[in-house]
Amino acid sequence: MNLKTKVALATGYLGGRVSRALHLGGGTSLPGAIALRLDADIIGRLAERLDRGPVLITATNGKTTTANMLASICRAEQLKVVHNAAGANLAFGVAAALMAGEKQGLTADTDETIGLFEVDEATVKNVTGQLKPQVFTVGNIFRDQLDRFGEVDETARLIAQGIDFLDDRATLVLNADDPRVAALGREASQSTLYFGLETAGTGAQGGAQDSKDCLICGEPLVYSERYFSHLGKYACQNCGFTRPPPAVTAINLKLSLSETKFTLVTPSGEAEVVLPVPALYNVYNALAAAAAALASGISLNSVVSGLNDFTPAFGRFETITVADRRVRLMLIKNPTGFDQAIEALHIETGPKNILIAINDNLADGTDVSWLWDVGLERLGPTGILAVSGTRAYDMAVRLKYAGVAEATVTVEPDLGVALESALSAVPPGSELFVLPTYTALLDLRRHLEKVAGVSAFWSAREATAGREGGAS
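Residues numbered from 1 in each chain as written. Predicted model: local features only at pLDDT ≥ 70, side-chain atom pairs only at ≥ 80, totals over all residues. Heavy atoms only, no water.

Here we look at the sheet that holds strand β14 (residues 352-357)
Stated formally: Between any two strands, at least two bridges found by DSSP are needed for them to pair. Starting at the N terminus, helices and strands are each numbered in turn, a helix being any DSSP run of H or I of at least four residues and a strand any DSSP run of E of at least two. Helix axes are fitted to C-alpha atoms over the stretch in contact, other axes to C-alpha atoms as well, and angles between N-to-C directions run from 0 to 180 degrees.
Overall, mixed pairing links the six strands, which are arranged β12-β13-β17-β14-β15-β16 in an open sheet. A strand with exactly one partner marks an edge of an open sheet, and here the two such strands are β12 (316-322) and β16 (409-411). This sheet shows a mean twist of 20 degrees between the axes of neighbouring strands, independent of strand direction. Relative to β16, strand β15 (residues 382-388) is paired through three bridges, and the arrangement is parallel. Paired with Ala-386 across the bridge in β16 is Thr-410.

Shown next as structure tokens:
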């Protein structure tokens, strides 16, 4: 390691310590930001010391959960993991994670260490050349943060630019059911491992469909099954572009609000999986993690063990007990994610107590027009329906036009007051489902730390700095 890198590391570590000591925020990613200013190549210098990695994971929705699932799998394989677990997924977050691994002695040229990095879609092209991932995983491409990404074509282009930096020996792990993701493998020189569902078992789903036309000839795609949004079994009847057969898939799905069961089918064999989280999109996250693990040479036994032992990530179906009531946090950030949260609530029948919290801060996306693309008409009867956040009134108007009776909706912009009020109205032993955007989630989680005595998640809170961790 040269002197320039050593100085960058030492200065970055010092900056992080000072930030934490003074409670300034940014302690998760600040060391990386400082180090990158002093050594622009520090990501590459540290990443090349990871003999079993790195693995890069990107997606519009689910990259945090997928990366955490993969981390659980790697630990089941007895590997040491260097991971930006707090969700700091811009370049300085990746650098900070590598620096933390270096400080712990995990990047010291050992074949027991693997690097797992969730990376923001727009950042992929900036870090891939240095990171040189051996496995490059793309989970999905949806419309998200219109003020930042624009439409899905631009997101796909940014990810494709990252693939251009890959070594030919790398493996692409791609979602076969997403036509925009699957198309990334059509002309790639790398080997490709596809994952996807054989059937969702629930028929075609509604919701915002972000990609309707063939990427080759522009004609409409025809779906024999559409699971949600534009994910499903598709084909172009004009040019022949079609869904590639997935090598890693799930069959025999059984969904509930407490867990998800399915049979994992892989080139290494089949096995039963019980995920401790609900919802169809978490099956996709699990398939992406399983495929990335297998592409990294990890055993099927470890894949199953890691998925079964997975703990939900911060705010992603995280359950917190408050006295004799439960709060279930379900992060939302775009039409597809919101639609799937509503779909999850319908897994089991009966009214649900719901608090929706919409902020429009920078890390949420300042354009909230996406609320009009969500199928809120499907909410159905609820026990408590409250709205909060900086755009609480926008959400209330949207609910009114969705046919929800105005008299049944409580509007309280103050997140703390809204949470306490909703909880007080929930019967003992019951559950409050909280659907917040990213910064609303951070604020609500801080409030829960006080009223429920749960442990603080300072690293996730600090991820708001510089738009890090933008709610995947």
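Overview of the packing of helix α4 (residues 63-76) against helix α9 (residues 280-295)
Stated formally: An angle counts as roughly parallel when it lies under 35 degrees, as roughly antiparallel when it exceeds 145, as roughly perpendicular when it falls between 65 and 115, and as oblique in every other case. In this scheme the handedness of a crossing depends on how the near helix is turned from the far one: anticlockwise by less than a right angle means left-handed, clockwise means right-handed. By definition in these notes, contact holds between two residues if any of their heavy atoms fall within 4.5 Å.
Packing of α4 against α9 leaves a shortest axis separation of 8 Å and a crossing angle of 45 degrees. Between α4 and α9, the angle is such that the two are oblique. When the axes of α4 and α9 are compared, the crossing they make is right-handed. Taking contact as the criterion, the partners of Thr-65, Thr-66, Met-69, Leu-70 and Ile-73 in α4 are, on α9, Asn-282, Asn-285, Ala-286, Ala-288, Ala-289, Ala-290, Ala-292 and Ala-293.

Topic: unusual backbone geometry
Glycine aside, residues mostly have negative phi angles, and peptide bonds mostly take the trans form. Cis geometry marks the peptide bond from Gly-53 to Pro-54, where omega comes out at 5 degrees. Locating Pro-54 in the fold gives a position in the loop between α3 (42-47) and β1 (55-58). The backbone of Lys-132 sits at a positive phi, close to 50 degrees, despite the residue not being glycine. A positive phi is found at Asn-252, a non-glycine position, where the angle reads about 60 degrees. As for its position among the elements, Asn-252 is in strand β9 (residues 248-255).

Quick notes on the confidence of the model for the chain
Heads up, the rule is: By definition, pLDDT measures how confident the predictor is in each residue, and it falls between 0 and 100.
In the predicted model, the chain carries a mean pLDDT of 87, and the fraction of residues at 70 or more is 90%. Confidence drops under a pLDDT of 50 for residues 457-471, and excluding neighbours within four residues, the segment shows 55 contacts in the predicted structure.

Structural notes on the packing of aromatic side chains
Put simply, the rule is: Only Phe, Tyr and Trp rings are paired, with Trp represented by its six-membered ring, and only when their centres lie within 6.5 Å; those with planes under 30 degrees apart are stacked, over 60 edge-to-face, the remainder tilted. Note on classification: 1.4 Å probe, protein chains only; a residue is buried when its accessible area is under 20% of the maximum for its type, exposed when over 50%, partly exposed between these limits. For a ring to carry a charge above it, either NZ of a lysine or CZ of an arginine must fall within 6 Å of the ring centroid while also lying within 35 degrees of the normal to the ring plane.
Counted under the stated rule, the structure contains seven aromatic pairs. Seen in terms of ring centroids, Phe-142 and Phe-228 are 6.4 Å apart; in terms of plane orientation they differ by 40 degrees. Their pairing is tilted. Taken together, the residues Phe-142 in the loop between β4 (135-138) and α7 (152-163) and Phe-228 in strand β7 (residues 222-228) connect sequence positions 86 residues apart. Across the pair, Phe-228 and Phe-142 agree in class, each one buried. Ring pairing ties together the aromatic residues Phe-142, Phe-228 and Tyr-284, which thus form one cluster. Over the aromatic face of Tyr-13 sits the side chain of Lys-103, whose NZ or CZ is 5.0 Å from the ring centroid.

Brief notes about the sheet that holds strand β11 (residues 269-275)
In space, the nine strands of this open sheet follow the order β2-β3-β1-β4-β5-β6-β9-β10-β11, with mixed pairing throughout. Two strands close off the open sheet at either side, each with one partner strand: β2 (80-83) and β11. If you compare each strand with its neighbour and ignore which way they point, the axes differ by 20 degrees on average. Relative to strand β3 (residues 113-118), β1 runs parallel, the two sharing three bridges. Looking at the pairing, Val-55 lines up with Leu-116 of β3. Running over the sheet, α4 touches β1, β2, β3 and β11 and is turned about 170 degrees from β3.

Considerations on the nonpolar core
The condition is simple: Nine residue types can take part in a nonpolar core, namely buried Ala, Val, Leu, Ile, Met, Phe, Trp, Tyr and Cys, and a core is a set of them joined through side-chain atoms within 4.5 Å.
Within the largest apolar cluster, 78 residues are counted, with the highest numbers of intra-cluster contacts made by Val-303 and Phe-338. Here this core takes twelve residues from α9, the largest share from any one element. Residues Ala-97, Phe-136, Tyr-194 and Tyr-234 belong to the second largest nonpolar core, which totals 46 residues.

Here's the deal with a nonpolar patch on the surface
The condition is simple: The patches described consist of residues with a relative accessible area above 30% and no salt bridge, like charges being joined within 9 Å and nonpolar side chains (Val, Leu, Ile, Met, Phe, Trp, Tyr) within 5 Å. Areas reported here follow the Shrake-Rupley algorithm with a probe of radius 1.4 Å; residue values treat only the protein chains shown as occluding. Salt-bridge detection follows one rule: a side-chain nitrogen of Lys or Arg within 4 Å of a carboxyl oxygen of Asp or Glu.
Together, Leu-3, Val-7 and Leu-38 make up a nonpolar patch on the protein surface, roughly 280 Å² of accessible area in all. Inspection of the secondary structure assignment puts Leu-3 in helix α1 (residues 3-21).

Considering the pairing of strand β5 (residues 171-175)
Burial within β5 is extensive, with five of its five residues counted as buried. On β5, burial covers both faces: Thr-171, Val-173 and Asn-175 on one face and Leu-172 and Leu-174 on the other are all buried. By the bridge criterion, four bridges tie β4 to β5 in an arrangement that is parallel. Within the sheet, the bridge partner assigned to Thr-137 lies in β5 and is Val-173. Sheet topology places β5 next to strand β6 (residues 191-197); five bridges connect them, and they run parallel. Counterpart to Leu-172 in the pairing with β6 is Thr-192.

Overview of the pairing of β7
In this sheet, strand β8 (residues 231-235) lies alongside β7 in antiparallel orientation, the contact comprising five bridges. In the strand pairing of β8, Phe-228 is matched with Leu-231. Connecting β7 to the antiparallel partner β8 that follows it, the hairpin turn spans two residues, and Ser-229 within it adopts a positive phi of roughly 45 degrees.

Some points on the pattern of salt bridges
Taken as a whole, this structure holds 25 salt bridges when the rule is applied. The shortest N-O distance in the salt bridge between Glu-112 and Lys-80 comes to 3.9 Å. Taken together, the residues span a long stretch of sequence, with Glu-112 in the loop between α5 (91-103) and β3 and Lys-80 in strand β2 at a distance of 32 residues. Residue classification places Lys-80 among the partly exposed residues on the basis of a relative accessible area of 40%.

Side note on the packing of α1 against helix α2 (residues 30-38)
Each packed pair of helices is defined by two parameters, the angle between the axes and the distance between the axes. The criterion, for reference: The nonpolar class holds Ala, Val, Leu, Ile, Met, Phe, Trp, Tyr, Cys and Pro. Asp, Glu, Lys and Arg form the charged class, and all remaining residues, Gly among them, are polar.
Interhelical geometry of α1 versus α2 gives an angle of 150 degrees and a closest axis separation of 8 Å. As far as their axial angle goes, α2 and α1 are roughly antiparallel. When the axes of α1 and α2 are compared, the crossing they make is right-handed. Mapping the contact onto sequence places Lys-4, Val-7, Ala-8, Thr-11, Gly-12, Gly-15, Gly-16 and Ser-19 in α1 and Leu-30, Pro-31, Ile-34, Ala-35 and Leu-38 in α2. Considering only residue class, the contact of α1 with α2 consists of seven nonpolar, five polar and one charged.

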